[in-house]
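The primary structure of each chain is shown beneath.
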Amino acid sequence: MNTQTNTQALRFEPDFKSRAHDALADPKLRKSFRGAMDFLQSKRTAMFPDDAELQALRDLGEAVRKHALANLPELLVQLEEKLSANGITVHWAETADEANEIILGIAQRHQAKRVIKGKSMASEEIELNHYLAEHGVNCVEADMGEYIVQLADEKPSHIIMPAVHKTKADIGELFEDKIPDTHYTEDVDELIQIGRRALRHQFMEADIGLSGVNFAAADTGTLWLVENEGNGRMVTTVPSVHIAIMGMEKVVAKLEHIVPMASLLPRSATGQMITTYFNLISSPRKPGEKDGPKEVHLVLLDNGRTQAFADDELRATLQCIRCGACMNHCPVYGRIGGHAYGTTYPGPIGKIISPHLLGLRATADLPTASTLCGACGEVCPVRIPIPQLLVRLRTEANRNPHEAVAHPLRGQGAKYRRSEKLVWRFWSGAFAHPAIYRVFRWAATRLRALTPKSQLGWTQHRTPLKPAEKSLADLLNERGQPE
Ligand code: SF4
């Protein structure tokens, strides 16, 4: 199945290494990410004071997601049946372009020119705003962070906090420049009020409200959205048409399965005990009701997810509940920020999902941008073995592209080099035979003067070790321990 769409081919910028290099050379960006990540890490830690409770909750979260994925085809059919019975129209989109066409088709049928959109990473993934704009439909972001990056003509740099890379001064200047009759301020409350005022009339004038979906319960046909600002509720209730877009893996078997997720998600994401709003949507406006949309649509998006689903190991990627905890704890993301990745999903989750959405040829550098320290896997609320998946994707990128495997990944062998394979084969042979290894070591020791002094990024960006002030023997003596 070819899921590399024209839209993505146009907008994805694959030069990860040079963007990462630029980001490392930007002290302002590094400082703002370091501060934000430290803050989020400490908030999450404070939310889980009892490790036994955290581990039990993670077990539950993992079980719910694994159960859903084990029954995914049946649950999706059940979800469609329940939603249809409830009056919600379900659309299946195999690619990003198909999803865009479906949404544009609904807009054109209603002669809609204005769409107001709540936070939705799936809509970012398909580049919906650009697509609609190209067809004469204006789409305005209603989530404050998304609204800021839209005004700045940028992409989100974090899946939960899209404008985390911006300072108060940046936002003050942006609002002064882009929102009429606005003065410069760095006062956060005032900035929020400016944004709210600018957005308020957009809700009233929009023809269509568009939202994401955090989870969908197959047994009741319920769409579940969490949010903090109230924009999600406005988007899903004020306009007369509501379109929800959801990655097809977000379904769970039962409504009650969402309850542990509702506890895990905000605590892992923003360090909140609970989010301000839970929106449960089961149908359009019913006869006699005074508000709510008259039409509700759900677009179920594949866009490469079936590739991950087909592989027993990589399927775990689809357990993700998009909390962002892995990126908050990733030493690489904390240094280079989200834009360096060039993908909709940055950080550890981006490194394991993007190869399915965009193909390994475009994303082969991403799984290598990891120290494999394991922090992402340790904080993941649904226990996705991210380091293990990164190693597997590296293997797939370096596999012979002609090698027959059960489920070849799109772009398999993108980094395959015959000469490199031969070097590793020699290395493994040397390690397997002590005599050869000893000869190799003897020769390497004598030739080490030939190794370059500067080893590019490794020597430029790591903190050099300081020479010890005291020897180990002195330290042990001071402590009265035997040498
Ligand atoms: S991979 Fe895990 S930690 Fe990262 S966003 Fe997904 S659920 Fe959260």
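Details of the structure are given in the entry above.
Conventions adopted
Residues numbered from 1 in each chain as written. Predicted model: local features only at pLDDT ≥ 70, side-chain atom pairs only at ≥ 80, totals over all residues. Heavy atoms only, no water. Salt bridge = Lys/Arg side-chain N within 4 Å of Asp/Glu carboxyl O. Helix = DSSP H or I, 4+ residues; strand = E, 2+ residues; numbered from the N terminus. Buried < 20%, exposed > 50% of the residue type's maximum accessible area, 1.4 Å probe, protein only. Phe/Tyr/Trp six-rings, centres within 6.5 Å; stacked < 30°, edge-to-face > 60°. Lys NZ or Arg CZ within 6 Å of the ring centre and 35° of its normal. Contact = heavy atoms within 4.5 Å. Core = buried A, V, L, I, M, F, W, Y, C linked by side-chain atoms within 4.5 Å.

Novice: Any chance you could break down the pattern of salt bridges for me, citing the residues and the numbers?
Specialist: The tally for this structure, following the rule as stated, stands at 22 salt bridges. A salt bridge links E62 to R383; the nearest nitrogen and oxygen atoms lie 3.8 Å apart. Of the two residues, E62 sits in helix α4 (residues 51-70) while R383 sits in the loop between α19 (375-379) and α20 (386-398), which places them 321 residues apart along the sequence. For R383, a relative accessible area of 25% puts it in the partly exposed group. In this structure, R399 and E396 form a salt bridge, with 2.9 Å as the shortest nitrogen-oxygen distance. For E396, a relative accessible area of 1% gives the class buried. Connected through salt bridges with shared partners, the residues D311, E313, R392, E396, R399 and E403 form a single ionic network.

Novice: Go over the packing of aromatic side chains, please, and point to the residues and values.
Specialist: The way to describe two aromatic rings as a pair is by their centre distance and the angle between their planes. Taken as a whole and judged by the stated rule, the model has nine aromatic pairs. Relative to F440, the ring of W427 has its centre 5.4 Å away and its plane inclined at 80°; by these criteria the two rings are edge-to-face. Of this pair, W427 sits in helix α21 (residues 418-432) while F440 sits in helix α22 (residues 434-446), and the two are 13 residues apart along the sequence. W427 sits in the partly exposed class, given a relative accessible area of 35%. The exposure class assigned to F440 is partly exposed, which follows from its relative accessible area of 28%. Each residue in the set F426, W427, F431, Y437 and F440 is aromatic and connected to the rest through ring pairs, giving one cluster. The side chain of R315 reaches across the aromatic face of F309, ending 4.1 Å from its centre. If you follow R322 out to its NZ or CZ, it ends over the ring of Y345, 4.6 Å from the centre.

Novice: Before we move on, can you summarise the environment of I171 with the specific residues and values?
Specialist: Looking at the secondary structure, you find I171 in helix α10 (residues 168-178). Between the C-alpha atoms of I171 and E186, which are 15 residues apart in sequence, the distance is 7.7 Å. If we ignore the near neighbours within four places in the chain, the residues touching I171 are I148, K166 and L191.

Novice: Explain the nonpolar core residue by residue, including any values.
Specialist: L298, I336 and I384 are the most contacted members of the largest nonpolar core, which totals 83 residues. Not counting residues up to four positions away in its chain, the partners in contact with L298 are L79, L83, I88, T89, V90, H91, V213, L223, A244 and M246. One finds I106, A107, A112 and I243 within the second-largest nonpolar core, a separate group that totals 24 residues.

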